[in-house]
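Structure at a glance
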Amino acid sequence: MSNGQRVVYWARLRCHHDVPEKPSRPRKNQSAKDTGCPLRLKVTVANIPKRNRSTDPCAAYELRVTCNKKPHNHAVDNAAALRHRRVSELTKARLMELFQHHHSPSTALETLKLQLQEEHGSAYPSVAADRAIVPDRMAVYYLYYKHCRERYPASTQEETMDLIRHMKDVRTAVSVEDGETVIAAVTPLMERVHTLPDAGEVVFVDASGGMDRHGQRVFLLMCWSPAGGLPLGVIVSTSETEAVVDKAFRLLVGILPDGAFGGRGRRGPLCFMTDDCQAERNALSAVWPEARLLLCTFHVLQAVWRWLHNGKHGIDKQHRQAIMALAKQLVYANNEAEIATTMELVATEWGERYPLLDQYLQGFAARRQEWALCLRTDVPTRGHNTNNIVESAFRVLKDSVLYRTRAFNLLQLFDFVTVQLSKHYARRACDVANGRQRAAPAKKRAL
């Protein structure tokens, strides 16, 4: 309302323990929180006319708070009341410091509780009831996303790509075409890993998702080392189609250091080990035609097991384990003669009963160069016949880097899969070098 040359705003406030009575909710049926508290406040704000206002939002404001001087009719220092307090500035600062150290909202809250428990000892249960000191999860997530918006401020795709291209000490290549975004990156640690002889032998490749809010796919290229698996390159893309993956690998080739893959350069490593993703394998074959493509034995046998359990193929339950045992004999055969013998056994025992099985295993056997262990003796696999190295790398990324929290945006995801992931492997390599972590068992080198 207007008062001469002044504009006055006012509001009446009541205690939240006094819930207004409604026809649909009589007071006698309301919750125990409603005590009918008589306390009332009147807040009056007055300011000068708009044409004379200062640009300072706090200037020329007159705030007056009056109370009806009636006390609360309920406790104001118990958990029910303290849970409504605002988060204190000190608590916000402590949480922000934890976010700076790459804590997720859940780990930051647990770390804060642990610190407070150490500080207050037996008084911690009383302290934990105060929301100003121990905030709820919603408040922590609000602060986390506020921190993300400040640290990763890109709002448009152009700004994001520009920030990624100019990220310090990281070689990057970016492509945005036909609605598909592809980013390839090599960090200084990855450049050093490329100088290892192991980087030119077997490279493990896999992709995963679910690490950000926009469904980006992340590809990792890993190699074995005495310190365990180490990264050779990382790719972030919007999909896993063959055209996109092919583009991604070609971008990666363009930013690899001289003498990559243990000195083999653009020829790539001796072989790649992947799961049976046809788009990924076709792209690898197109970009590095000299490299041999091997299949992970775990994924091979898993595919057979799933095929046997698919009801459309009509395999009886009591026969599945016996057939699966024959599939394992094919994979772990000592020579090609054993493979041929096992195929004859399958055709004799099960071919007539299950014609679809015979057809499936014929196609399976046609790819024996990719999965048969007896045909890998000329490849320095160092005993690694599965993709476990890159599978475990994704677990490290999701558990120890992302803390099972989705990245806020593409810029934060890229920071995690390049800078933060490299820092993790650098720490682990230091632990191995200092004798604080067991090194991977040494493997004999092929002559």
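Residues numbered from 1 in each chain as written. Predicted model: local features only at pLDDT ≥ 70, side-chain atom pairs only at ≥ 80, totals over all residues. Heavy atoms only, no water.

As annotated in an unreviewed UniProt entry, the protein carries the name MULE transposase domain-containing protein and is attributed to Amphibalanus amphitrite.

Of regular secondary structure, the protein possesses 17 helices and 11 strands. Expressed as a percentage of its 447 residues, the buried residues of the protein come to 45%. Just so you have it, the protein exposes about 24,600 Å², and 51% of that area is on carbon and sulfur atoms. (Helix = DSSP H or I, 4+ residues; strand = E, 2+ residues; numbered from the N terminus. Buried < 20%, exposed > 50% of the residue type's maximum accessible area, 1.4 Å probe, protein only. Areas by Shrake-Rupley, 256 points an atom, 1.4 Å probe, with all protein chains shown as cover.)

Spatial ordering of the open sheet is given by β5-β6-β9-β8-β7-β10-β11, a layout of seven strands whose pairing is mixed. Every interior strand has two partners, whereas the edge strands, β5 (171-177) and β11 (292-295), have only one. Going from strand to strand, the sheet's axes swing by 20° on average, the running direction of each strand aside. In terms of strand pairing, strand β7 (residues 202-208) meets strand β8 (residues 217-223) through six bridges, oriented antiparallel. Within β8, the residue paired with V205 across the bridge is L221. On top of the sheet, helix α17 (residues 410-433) reaches β5, β6 (180-186), β8 and β9 (230-237); it is set at about 175° to β9, its chief contact. (Pairing = 2+ DSSP bridges. Axes fitted to C-alpha atoms, helices over the stretch in contact; angles between N-to-C directions. Contact = heavy atoms within 4.5 Å.)

With that settled, the discussion passes to helix α12 (residues 317-331). Since there are 3.6 residues in each turn of an α-helix, residues three or four apart along the chain are aligned in direction. Taking 1.5 Å of rise per residue, the 15 residues of α12 would be expected to cover 21 Å, and the 22 Å separating its terminal C-alpha atoms lies within 8% of that figure. Turning to α12, its buried residues number three or more, namely H319, R320, I323, M324, L326, A327, L330 and V331. Down the axis of α12, the buried side of the element spans an arc of 160°, and every buried residue falls inside it. Among the exposed residues of α12, those pointing more than 90 degrees away from its buried face are Q318 and Q321. (Expected span 1.5 Å × (residues − 1). Arc of directions from axis to C-beta.)

Let us look at a nonpolar patch on the surface. On the surface, a nonpolar cluster with roughly 360 Å² of combined accessible area is contributed by L13, L41, L63 and V65. As for its position among the elements, L41 is in strand β3 (residues 40-47). (Patch = residues over 30% accessible without salt bridge, like charges linked within 9 Å, V, L, I, M, F, W, Y side chains within 5 Å. Salt bridge = Lys/Arg side-chain N within 4 Å of Asp/Glu carboxyl O.)

Glancing now at the UniProt feature "domain: MULE transposase" (unreviewed entry) in the protein. When the UniProt feature table is mapped onto this chain, "domain: MULE transposase" (unreviewed entry) is found at residues 267-302. The distance separating the terminal C-alpha atoms of residues 267-302 is 31 Å; by composition the span is 44% helix and 22% strand. (UniProt positions renumbered as here; feature names shortened; annotations may be inferred.)

Here we take up unusual backbone geometry. The phi dihedral of D178 falls on the positive side, at around 55°, and the residue is not glycine. With respect to the element layout, D178 can be found in the loop between β5 and β6. A relative accessible area of 80% places D178 in the exposed class.

With that settled, the discussion passes to the packing of helix α11 (residues 297-309) against helix α14 (residues 355-366). For any two helices packed against each other, one specifies the inter-axial angle together with the distance between the axes. Running from N to C, α11 and α14 point in directions that differ by 165°, and their axes come no closer than 12 Å. As the angle between them shows, α11 and α14 are arranged roughly antiparallel. When you trace α11 past α14, the crossing you get is right-handed. Across from V300, A303, V304, W307 and L308 in α11, the residues of α14 making contact are L356, L357, Y360 and F364. (Parallel < 35°, antiparallel > 145°, perpendicular 65-115°, else oblique. Left-handed = near helix turned anticlockwise from the far one by under 90°.)

Further remarks concern helix α5 (residues 137-151). Between its first and last C-alpha atoms α5 spans 21 Å; for 15 residues at 1.5 Å apiece the expected length is 21 Å, and the two agree. Taken residue by residue, α5 has A139, V140, L143, Y144, H147 and C148 as its buried positions. Taken together, the buried residues of α5 touch α2 (89-100), α3 (105-120) and α17.

With that settled, consider the packing of aromatic side chains. Inspection of every chain in the model, using the stated rule, returns 11 aromatic pairs. Three or more aromatic residues joined by ring pairs make a cluster, and in this case those are F219, F249, F261, F272 and W288. (Phe/Tyr/Trp six-rings, centres within 6.5 Å; stacked < 30°, edge-to-face > 60°.)

Looking now at the nonpolar core. Within the largest apolar cluster, 72 residues are counted, with the highest numbers of intra-cluster contacts made by F249 and W288. In this structure, I315, V331, A372 and C374 belong to the second largest nonpolar core, which totals 27 residues. (Core = buried A, V, L, I, M, F, W, Y, C linked by side-chain atoms within 4.5 Å.)

Running from amino to carboxyl end, helix α13 (residues 336-350) crosses α14 at an angle of 170°, the nearest separation of the two axes being 10 Å. Between α13 and α14, the crossing angle belongs to the class labelled roughly antiparallel. Residue-level inspection shows M343, V346, A347 and W350 of α13 in contact with α14, the latter providing L357, D358, L361, Q362 and A365. Across the contact of α13 with α14, the residue classes break down as seven nonpolar, one polar and one charged. (Nonpolar A, V, L, I, M, F, W, Y, C, P; charged D, E, K, R; others polar.)

Turning our attention to the pattern of salt bridges. Applying the stated rule across the entire model yields 15 salt bridges. When the shortest N-O distance is used, the salt bridge between E191 and R171 registers 3.2 Å. Highlighted residues: E191 in helix α7 (residues 188-193) and R171 in strand β5, separated in sequence by 20 residues. E201 is paired through a salt bridge with R382; the nearest N and O atoms lie 2.5 Å apart. Note that E201 is positioned in the loop between α7 and β7 and R382 in the loop between α15 (368-371) and α16 (388-401), a separation of 181 residues in sequence. The pair E201 / R382 is uniform in exposure class, with both members buried. Taken together, the salt bridges that share partners define one network made up of D276, R281, R367 and E370.

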